Amino acid sequence: ALPLSIHAYLYRQRASSVTPSFLLLGPTGAGKTSLQTLFERGNATPTHTSQSPATVTCALPRDVTAASSKYRSTNDPSAKTERKLHLIDTPGHGKLRHHAFSALTAPALSGLIFVVDSAALSSANGLTEAATYLHDLLLALQKRHTSAKTSKGPKTLNVLVAANKQDLFTALPAQLVRKNLEREITKVRDTRAKGLLDSGVGGDEDEEEREWLGEGGEGAFEFRQMEECGVEVQVVGGNVRAEGDEAPHVQNWWAWVAENM
Ligand code: GDP
C-alpha cells in the first residue's frame, strides 16, 4: 500500500498544482530524516527512523534564488511569493528500498537528493553500501531514459549527492566523496557484469538487455557519463547537524534545489 500512497500523493499534486517534489534517498543513518526536518522547520530536531515514505512541504528560503527567477526584476510580484516544494523521505534500509525506486516514475518529480554520511564513506563497508545503492539508483534512471516511449524521453532528473556530516573531523571532503563513489561504483558494475556472465545470463545475443551503467567499454565509471541519459550528478558538501561550534550548513544544497525546481 505504501508505494501506492506515494503515487496517489504525487498524482494529486500534479493534478492540483505543479509544486515540485524532491526525493530523499541514501543509506540508513546518512541524515535524510534530519535534512528533511531542517528543510521543513529550519532546525534538525531528533529524528524518527523512517520505515515508510514521509512527505513534508517546505518553502525555499528567501535568500536562495531559483534559476527561473534569477533574471526577474525585483518589482515582479511573483518574485515575492513563497516558492514551495515537497520533500519525500524514503527508507534507507535495503529491504525497503523498493519504496524509493517505485517513486521514480512519478511525473511531478523534479530531482533526487542522495544523502551520504561523508565520514562513513572512509570505511570499506560504508563506501560499498552507499555505492551499491547509488549504482542501482543510477541504473534505474538510465533504464527510465532508454525505455522512454517517446523520442523526447522523460523529464531529465538531476541527482544531488549531498556529502553530509562535513562537520565531523573524519568526514571526507566532497571531492573525495565523489572520487571514492565513482571508483566503488566501477567495482560494483564489474562485479554485477561478472555475476551475469557466471550465471549464463547476458553472455549471448541480447546485448540490449545488458544492465551496464554508463558508457560501454572497460574504462572507469564517472558521474558525467550519466549526462548521456539526461542525468546530471553533482556532489556537494554540507552538514545538517553539527558537532561542537559548527552550525548547520545546507546553503549549497538549497541552491541546487532552487536550480532544479
Ligand atoms: P537517516 O537514517 O538517513 O534518516 O538519518 P537520520 O536523519 O536519522 O540521522 C542519523 C544520525 O546522524 C542522527 O543521529 C543524526 O543526528 C546524525 N546526523 C545527521 N546529519 C548530521 C550532520 O550533518 N552531522 C553530524 N555530526 N551528525 C548528523
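Quantities reported herein were computed from a predicted structural model and do not represent experimental measurements. (Residues numbered from 1 in each chain as written. Predicted model: local features only at pLDDT ≥ 70, side-chain atom pairs only at ≥ 80, totals over all residues. Heavy atoms only, no water.)

Novice: Account for the overall build of the chain, naming residues and giving values.
Specialist: Helix and strand counts for the chain stand at 6 helices and 6 strands. Walking the chain from its N terminus toward its C terminus, one meets helices and strands in the order α-β-α-β-β-α-β-α-β-α-β-α. The buried share among the 261 residues of the chain stands at 44%. Contacts in the chain between residues at least 24 apart in sequence constitute 78% of all its contacts with a sequence separation of at least 6. For the chain, the accessible area works out to roughly 13,700 Å², and carbon and sulfur atoms hold 52% of it. (Helix = DSSP H or I, 4+ residues; strand = E, 2+ residues; numbered from the N terminus. Buried < 20%, exposed > 50% of the residue type's maximum accessible area, 1.4 Å probe, protein only. Contact = heavy atoms within 4.5 Å. Areas by Shrake-Rupley, 256 points an atom, 1.4 Å probe, with all protein chains shown as cover.)

Novice: Quick one: what's the story with the site of the ligand, residue by residue and with numbers?
Specialist: Taken together, 17 residues lie near the ligand, and Gly 29, Lys 32, Thr 33, Ser 34 and Arg 241 sit nearest. Measuring from an oxygen atom of the ligand, one finds a side-chain N or O atom of Ser 34 at 2.6 Å. Within the complex, the protein chains bury 80% of what would otherwise be the 590 Å² of accessible surface of the ligand. Among the elements that make up the shell around the ligand, the one with the highest residue count is helix 2 (residues 32-41) (3 residues). Counted by class, the shell around the ligand contains 4 nonpolar, 8 polar and 5 charged residues. (Near = heavy atom within 4 Å. Polar contact = N/O pair within 3.5 Å; in protein donor to acceptor, adjacent residues only side chain to side chain. Nonpolar A, V, L, I, M, F, W, Y, C, P; charged D, E, K, R; others polar.)

Novice: Please provide a residue-by-residue account of the sheet that holds strand 5 (residues 158-164), values included.
Specialist: Remark on secondary structure: sheet strands pair via backbone hydrogen bonds, oriented parallel or antiparallel. Taken together, the 6 strands give an open sheet; going across it, the order is 2-3-1-4-5-6, and neighbouring strands pair in mixed fashion. Because the sheet does not close on itself, it has two edges, and the strands there are strand 2 (54-59) and strand 6 (233-237). Sheet twist, expressed as the average angle between the axes of neighbouring strands with direction ignored, equals 25 degrees. Sheet strands touched by helix 2: strand 1 (21-25), strand 2, strand 3 (84-89) and strand 4 (109-117). Its angle to strand 2, the strand with the most contacts, is close to 35 degrees. Sheet contacts for helix 4 (residues 124-146): strand 1, strand 4, strand 5 and strand 6; angle to strand 4, the most-contacted strand, approximately 165 degrees. (Pairing = 2+ DSSP bridges. Axes fitted to C-alpha atoms, helices over the stretch in contact; angles between N-to-C directions.)

Novice: An account of the environment of Ala 255 is requested, with residue identities and associated values reported.
Specialist: Looking at the secondary structure, you find Ala 255 in helix 6 (residues 251-260). According to the relative accessible area criterion, Ala 255 is partly exposed, its value standing at 34%. Distance from Ala 255 to Val 64, taken between C-alpha atoms, is 6.1 Å for residues 191 residues apart in sequence.

Novice: Account for the confidence of the model for the chain, naming residues and giving values.
Specialist: Chain-level statistics for the chain give a pLDDT mean of 82 and a share of 74% at 70 or above. This model gives residues 202-208 a pLDDT under 50, and the stretch forms 1 contact once residues within four places in sequence are excluded. (pLDDT = per-residue confidence, 0-100.)

Novice: Go over the packing of aromatic side chains, please, and point to the residues and values.
Specialist: Applying the stated criterion across every chain, the model contains 5 aromatic pairs. With centroids separated by 5.9 Å and ring planes inclined at 65 degrees, the aromatic side chains of Phe 22 and Trp 256 adopt a geometry described as edge-to-face. Here Phe 22 is found in strand 1, whereas its partner Trp 256 is found in helix 6, with 234 residues between them in sequence. The same class applies to Phe 22 and to Trp 256, which are both buried. For the ring pair Phe 221 and Phe 223, a centre distance of 5.8 Å and an interplane angle of 90 degrees mean the geometry is edge-to-face. Each of the two residues, Phe 221 as well as Phe 223, counts as buried. Taken together, the ring pairs connect Phe 101, Phe 114 and Tyr 133 into an aromatic cluster. (Phe/Tyr/Trp six-rings, centres within 6.5 Å; stacked < 30°, edge-to-face > 60°.)

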